[in-house]
Amino acid sequence: MQICIHSYLIEKYKFFMNKLKYVEILKTINAFFETCRISDFNNICIGISNNPRYSLFTLHNVHLESDFWIYCMAEDSKTAIDVYKHYVSQGLVALKLKAESNQVYIYCFNKKLEY
């Protein structure tokens, strides 16, 4: 499975390779929130991308070593959009969606600045 997260609290999840189903992504992201003790979703942004590392570290200036972040690869773009919509309905800050069929990565990060 492809999951990348970083924080000083979490080192056990690194780079795995597989596309995830809807429920697997929800479990992974929820475990990330729980492990990082994130309960205020108003400070967490969620987006979809075909290049999550570029989106996180270049577009949003997320810090690789000091910020909380995660990305997961969905089995297809519909699954990615469904996960995105689920978390937006839970209160995460929605980042602008582009209608591209190759966007299968869901990413989240803590919001420190205005994006």
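On a predicted model such as this, the values are computed, not experimentally measured, just so you know.

## Notes on the state of the cysteines
Item 1. If you walk through the whole model with that rule in mind, you get 0 disulfides.
Item 2. The cysteine Cys108 is free of any disulfide, with Cys72 supplying the nearest cysteine sulfur at 7.8 Å.

## Describing the pairing of strand β5 (residues 105-110)
Item 1. Within β5, 6 of the 6 residues are buried, leaving the element largely enclosed by the surrounding structure.
Item 2. By the alternation rule, side chains of β5 split into Tyr105, Tyr107 and Phe109 and Ile106, Cys108 and Asn110, which are all buried.
Item 3. Bridging between strand β3 (residues 69-73) and β5 involves 5 bridges; their strand directions are antiparallel. Its bridge partner being in β5, Trp69 is matched across the sheet by Phe109.

## Focus on the pattern of salt bridges
Item 1. Under the counting rule described, the total for this entry stands at 2 salt bridges.
Item 2. Lys78 is the salt-bridge partner of Asp82, the closest N and O atoms lying 2.7 Å from each other. Remark: Lys78 and Asp82 occur in helix α3 (residues 77-89); sequence separation between them is 4 residues, near one turn of the helix.
Item 3. Judged by its relative accessible area of 27%, Asp82 is partly exposed.

## A short note on the nonpolar core
Item 1. Within the largest apolar cluster, 22 residues are counted, with the highest numbers of intra-cluster contacts made by Ile25, Ile29, Phe33, Tyr87, Ile106 and Cys108.
Item 2. Breaking this core down by element, the ones donating at least two residues are α1 (22-35), β2 (44-49), β3, α3 and β5.
Item 3. Per-element accounting of this core gives the leading share, 5 residues, to α1.
Item 4. The contacts of Ile25, once residues within four sequence positions are left out, are Leu20, Cys72, Met73, Ala74, Thr79, Val83, Tyr87 and Ile106.
Item 5. In this structure, Cys45, Tyr71, Leu95 and Phe109 belong to the second largest nonpolar core, which totals 11 residues.

Thresholds, definitions, all that
Residues numbered from 1 in each chain as written. Predicted model: local features only at pLDDT ≥ 70, side-chain atom pairs only at ≥ 80, totals over all residues. Heavy atoms only, no water. Disulfide = S-S within 2.5 Å. Buried < 20%, exposed > 50% of the residue type's maximum accessible area, 1.4 Å probe, protein only. Helix = DSSP H or I, 4+ residues; strand = E, 2+ residues; numbered from the N terminus. Pairing = 2+ DSSP bridges. Salt bridge = Lys/Arg side-chain N within 4 Å of Asp/Glu carboxyl O. Core = buried A, V, L, I, M, F, W, Y, C linked by side-chain atoms within 4.5 Å. Contact = heavy atoms within 4.5 Å.

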